[in-house]
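Survey of secondary and tertiary structure
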Amino acid sequence: MSGDVKGMSGMGGMDKRAPADKTGQGVGVITAIDTKANKLTIQHGPIPAVGWPTMTMAFKANPPTLFRGLRVGERIGFDVQTQGVAAEVTAVRPQ
Ligand SMILES: [Cu+2]
């Protein structure tokens, strides 16, 4: 992931350098699954709620049971929670 995303300024005047934890919803295609590292890589579209453009990035799966039934190439909707520059997927939905 690019950790250098520009803030969505102009929305509430909360344009701070240190990102607070945020949640958002995205849609994307799974490009890699690493159950040993508990990581899921998703090529996803813009997620304005967390200030992200389109990108491909790895997420921690929380809980790891999210991996069940997922496969590379599958299109999913997902919930994301950011923690500084890291991010977790907390829910997935078939698209
Ligand atoms: Cu991203």
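Remarks on the pairing of strand β3 (residues 55-61)
- Examined bridge by bridge, strand β2 (residues 39-44) and β3 share 6 bridges and lie antiparallel to one another. Paired with Q43 across the two strands is T56, which belongs to β3.
- The sheet contact formed by β3 and strand β5 (residues 86-94) spans 2 bridges and is parallel. Directly across from A61, in β5, lies its bridge partner V89.

Re the sheet that holds β5
- In space, the 5 strands of this closed barrel follow the order β1-β2-β3-β5-β4, with mixed pairing throughout. Going across the sheet, the axis of each strand differs from the next one's by a mean of 55°, ignoring polarity.
- In this structure, strand β1 (residues 23-34) lies alongside β2, joined through 6 bridges in antiparallel fashion. Across the sheet, the residue bridging to A32 is T41, located in β2.

Thresholds, definitions, all that
Residues numbered from 1 in each chain as written. Predicted model: local features only at pLDDT ≥ 70, side-chain atom pairs only at ≥ 80, totals over all residues. Pairing = 2+ DSSP bridges. Helix = DSSP H or I, 4+ residues; strand = E, 2+ residues; numbered from the N terminus. Axes fitted to C-alpha atoms, helices over the stretch in contact; angles between N-to-C directions.

Honestly, it's all geometry; don't read function into it.
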